[in-house]
Amino acid sequence: MKEALLKRVTVVVPTYRSTEHLDALVASLDAQTLPQDEFEVLLIDDGSPDDTPARLHALARGRGNYRVILLPPSGWPSRPRNTGIDQAQGAYVVFIDHDDRLFPDALRAACALADRTGADVVDGKESKSNTPGWAMRDVPTNVDNAIGWIEPHPLLPMNPHKMFRTAFLRERGIRFPEGGRQIWEDICFDIAAHARADVVALLVETPFYYWNRPPHATTSGTFHDDLDEYLDAVARVFRWIDEELDQPRFAQLLPRFRAYQLHMRVLPLFRWERRTPAQRERIRAFTADLLERIPVDADQHLDAWRRIKTAILRAGRFDLVDAHEGTFPRLQCTPAVEDVAWAADGLHLRLALRWRFDVKGTPTVRSDGVTAWLALAPAVAEFAAAHGLDTDVTGALRAVTYGVDRRSRTRKIDWLLAFGSGADLVAEDGAAQLRAGIAVHWPLADDGPGRRHDGPWDLHVRTVALRTRIVRQLSTAAAPRRWAAVSGVLAAAYRTQNGSLSVDIGQTLFSVVDDPATTASWTSDGTRRRLEVDLPHVAALAPHIVDGRLLNASGRVVGACRLEVAEGRARIVGTLPDRVHTVVVAFGQTRSRTRLRPGRRGRVRVIPAAGNAPRYSIRRIARRLWNALPASLRRRFWLWRHRR
């Protein structure tokens, strides 16, 4: 007989000496679109020695769907999470760390997807506060069941920031490992969940989880501090893999997953410039023992350079490690915007992507324009030839993948704009390089929950070549801001101070008035003066009206105005108040730096801010000429002008 669960979802929050970020987490739960009476929140403290328990009770007071559970200290979030599984009254369980938060529609969207698909696990759309492109999927829509995915694995990244069916966890005995510090306890939990699940759904269309990385140190930043602890944790990961995934339905996944863990956990150990001789010997012994228990079929799922490195380690040729490490094909990508154009349906971009592989200017991948191969150290090249290891990477390079994303600077959420794969192989002075182009279309209409287009957005390219992933901003040579009224919003594509392309939507950073092309005039009907500001720099692609305000020099509102885009023309109209000599225009929280000073006979003087002054104004030319004069001449002129 199945137990009756009283809520749709239980949110489990382990706490320990929680900071002020806990208030932001609770605020994100208060803002959920899922009604509060349909979910519960368990605040489970792991024996905090400070005032955290009192703060938890204060937060729960007045919130009927909150419960506080106090535990003796265990030293790790595993026991609080397991307690949450035991105490949950929801059909689903969501684990959230105490300094993170959920996006507003997270619980509703995840429950709806799980209800419809019968999912045991929902891996939601996640973003990371300090890492653009984190956990991005290269599919545009939700996935009902990704249990058969091989590359990429459906539960990547392997953290606990997901939603699980409560009965599934209890019936299958899926728990977080307890007993003090348990590095990568979430990997153990996710491996077990994947191994025993029938349906893993991917929530791609709605933002789910916000991983906040505060500037202060966290436990996840201490994983590499103790070498012995780290190596013990690596051994546990491979043991979990063997125990859970060694079953017929994962015959293709198992060697790939072992290769992924080798790539992520073991091979980086040999970047050991700062290791002591004793630590190096410990790493050698650990790796030799571990590789004896990892079947060699995992190696074929590594890229060619890492496959050779693994073969060196399997052969015990640690004398070759440093030489091989010096030829790592360090991926460098330069994504550049070749063209920026506004259209009635949004922003159109044409990008040129360039890849190269070198270390301090020395190519690490060579090419004759037809094939490409690794530029290995002589001793390593001899080892590779003796062991039949292929150094040809032509196919791997041509299979490069790249995704173009937009990232909200305020909400820290990324959305896929375009995805491509494949590139042309070229040779430049014997060095292998890649070239590709991609067209990108960004429709600015609201295209889904959480995709509200306002504020500043940055654009990035995520690219993977030779199983190395990097993220880079789009560089652009376009200097002036390009304004357009599109799909009911006013937007400006502009070049940032670091030379990358960004888009400001809704005049949150810039005012449309602050442009050298702005002109203004006024007319009078005898009772009032009508101000009209022409904006020829705005591409009038769709009808648009924005209400604004006129402010005086001290910032007081002195009148109303509105921006009108119609019939191929953009302008601001308003009523000039009497006895006000200078006004600025404000839309939302953004005020123009440009001032408008009405004069006689319908004239309005447009006074730009210093940074927006015309490049070749008379005043600027005169000042440049003056500054070019020798200091002695400038002083003599000053004395002559101020003679008594």
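In what follows, the structure referred to is the one given above.
Anyway, here's the lowdown on the structure attached to this text.

## A look at the overall build of the chain
Piece 1. Within the chain one finds 15 helices and 32 strands.
Piece 2. Classification of the 644 residues of the chain by burial places 51% in the buried group.
Piece 3. Within the chain, one finds 92 positive and 76 negative side-chain charges whose respective centroids are separated by 13 Å.

## With respect to the sheet that holds strand 24 (residues 529-534)
Piece 1. Judged by pairing direction, the sheet is antiparallel, and its seven strands sit side by side in the order 23-24-28-27-26-29-30 without closing on themselves. Single-partner strands in this sheet number two, and they are strand 23 (519-524) and strand 30 (590-591).
Piece 2. With six bridges joining them, strand 23 and strand 24 adopt antiparallel strand pairing. Across the sheet, Trp522 pairs through a bridge with Leu531, a residue of strand 24.

## What to know about helix 12 (residues 378-386)
Piece 1. Along helix 12, the residues that are buried comprise Val380, Phe383 and Ala384. Axial view of helix 12: buried residues confined to an arc of 100°, hence all on one face. Turned more than 90 degrees away from the buried face of helix 12 sit Pro378, Glu382, Ala385 and Ala386, all of them exposed.
Piece 2. Buried residues along helix 12 sit against helix 10 (304-314) and helix 11 (321-325).
Piece 3. Note on helix 12: the residue one or two positions beyond its end, Gly388, has a positive phi of about 65°.

## Regarding the packing of aromatic side chains
Piece 1. One pass over the structure, following the stated rule, counts 15 aromatic pairs.
Piece 2. Taking the centre distance of 5.1 Å and the plane angle of 90° together, the rings of Phe164 and Phe189 count as edge-to-face. With Phe164 in strand 7 (residues 163-165) and Phe189 in helix 6 (residues 185-196), this residue pair connects regions lying 25 residues apart in the sequence.
Piece 3. Judged by its relative accessible area of 0%, Phe164 is buried.
Piece 4. A residue is classified by how much of its surface remains accessible, and Phe189, at 0% relative accessible area, is buried.
Piece 5. In this structure an aromatic cluster arises from ring pairing among Phe95, Phe164, Phe176 and Phe189.
Piece 6. The ring centre of Phe176 lies 5.1 Å from the NZ or CZ of Arg81, which sits over that ring.

## A closer look at the pattern of salt bridges
Piece 1. Here the structure, examined in full by the defined rule, presents 43 salt bridges.
Piece 2. Note that Arg8 and Glu38 form a salt bridge whose closest N and O atoms lie 3.8 Å from each other. With Arg8 in strand 1 (residues 7-15) and Glu38 in the loop between helix 1 (21-30) and strand 2 (39-46), this residue pair connects regions lying 30 residues apart in the sequence.
Piece 3. The network of salt bridges with common partners includes Glu532, Asp534, Arg562, Glu564, Arg569 and Arg571.

## Concerning the pairing of strand 16 (residues 424-428)
Piece 1. Relative to strand 17 (residues 431-442), strand 16 runs antiparallel, the two sharing five bridges. Bridge pairing in strand 17 places Val426 opposite Gln433.
Piece 2. Taking the residues that link successive antiparallel strands as the turn, the strand 16-strand 17 hairpin has two residues, and the phi of Asp429 there is positive, at about 55°.

## Some remarks on the environment of Ala58
Piece 1. Within the secondary structure, Ala58 is located in helix 2 (residues 52-60).
Piece 2. Taking the C-alpha atoms as reference points, Ala58 and Arg239, 181 residues apart in sequence, are found 43 Å from one another.

## Quick word on unusual backbone geometry
Piece 1. Backbone torsion omega between Glu151 and Pro152 reads -5°, so that peptide bond is classified as cis.
Piece 2. Inspection of the secondary structure assignment puts Pro152 in the loop between strand 6 (121-128) and strand 7.
Piece 3. Residues Leu156 and Pro157 are joined by a peptide bond in cis, for which omega reads -5°.
Piece 4. Take Pro157: it is sitting in the loop between strand 6 and strand 7.
Piece 5. One non-glycine residue, Arg579, adopts positive backbone phi at about 60°.
Piece 6. Its location among the elements puts Arg579 in the loop between strand 28 (569-576) and strand 29 (584-587).

## As for the sheet that holds strand 7
Piece 1. Spatial strand order, 3-2-1-4-7-6-8-5: eight strands in an open sheet with mixed pairing. Of all the strands in the sheet, just strand 3 (66-71) and strand 5 (101-102) have a single pairing partner and so form its edges.
Piece 2. Alignment of strand 6 against strand 7, held across two bridges, turns out to be antiparallel. Pairing of Val121 across the sheet is with Phe164, part of strand 7.
Piece 3. Docked against the sheet, helix 6 engages strand 4 (90-95), strand 6, strand 7 and strand 8 (200-211), running at close to 45° with respect to strand 7.

## Notes on helix 9 (residues 277-292)
Piece 1. The end-to-end C-alpha distance of helix 9, which contains 16 residues, comes to 23 Å, matching closely the 22 Å that a straight helix rising 1.5 Å per residue would cover.
Piece 2. Here helix 9 has its buried residues at Ile283, Phe286, Thr287, Leu290 and Leu291. Down the axis of helix 9, the buried set is contained in an arc of 120°. They therefore lie on one face. What points out from helix 9, more than 90 degrees from its buried face, is the exposed set Pro277, Ala278 and Glu292.
Piece 3. Tucked into the core, helix 9 has its buried residues touching helix 7 (227-245), helix 8 (253-266) and helix 10.

Reading the values: the criteria
- Residues numbered from 1 in each chain as written.
- Predicted model: local features only at pLDDT ≥ 70, side-chain atom pairs only at ≥ 80, totals over all residues.
- Heavy atoms only, no water.
- Helix = DSSP H or I, 4+ residues; strand = E, 2+ residues; numbered from the N terminus.
- Buried < 20%, exposed > 50% of the residue type's maximum accessible area, 1.4 Å probe, protein only.
- Lys, Arg positive; Asp, Glu negative; His and termini not counted.
- Charge placed at Lys NZ, Arg CZ, Asp CG, Glu CD.
- Pairing = 2+ DSSP bridges.
- Arc of directions from axis to C-beta.
- Contact = heavy atoms within 4.5 Å.
- Phe/Tyr/Trp six-rings, centres within 6.5 Å; stacked < 30°, edge-to-face > 60°.
- Lys NZ or Arg CZ within 6 Å of the ring centre and 35° of its normal.
- Salt bridge = Lys/Arg side-chain N within 4 Å of Asp/Glu carboxyl O.
- Axes fitted to C-alpha atoms, helices over the stretch in contact; angles between N-to-C directions.
- Expected span 1.5 Å × (residues − 1).

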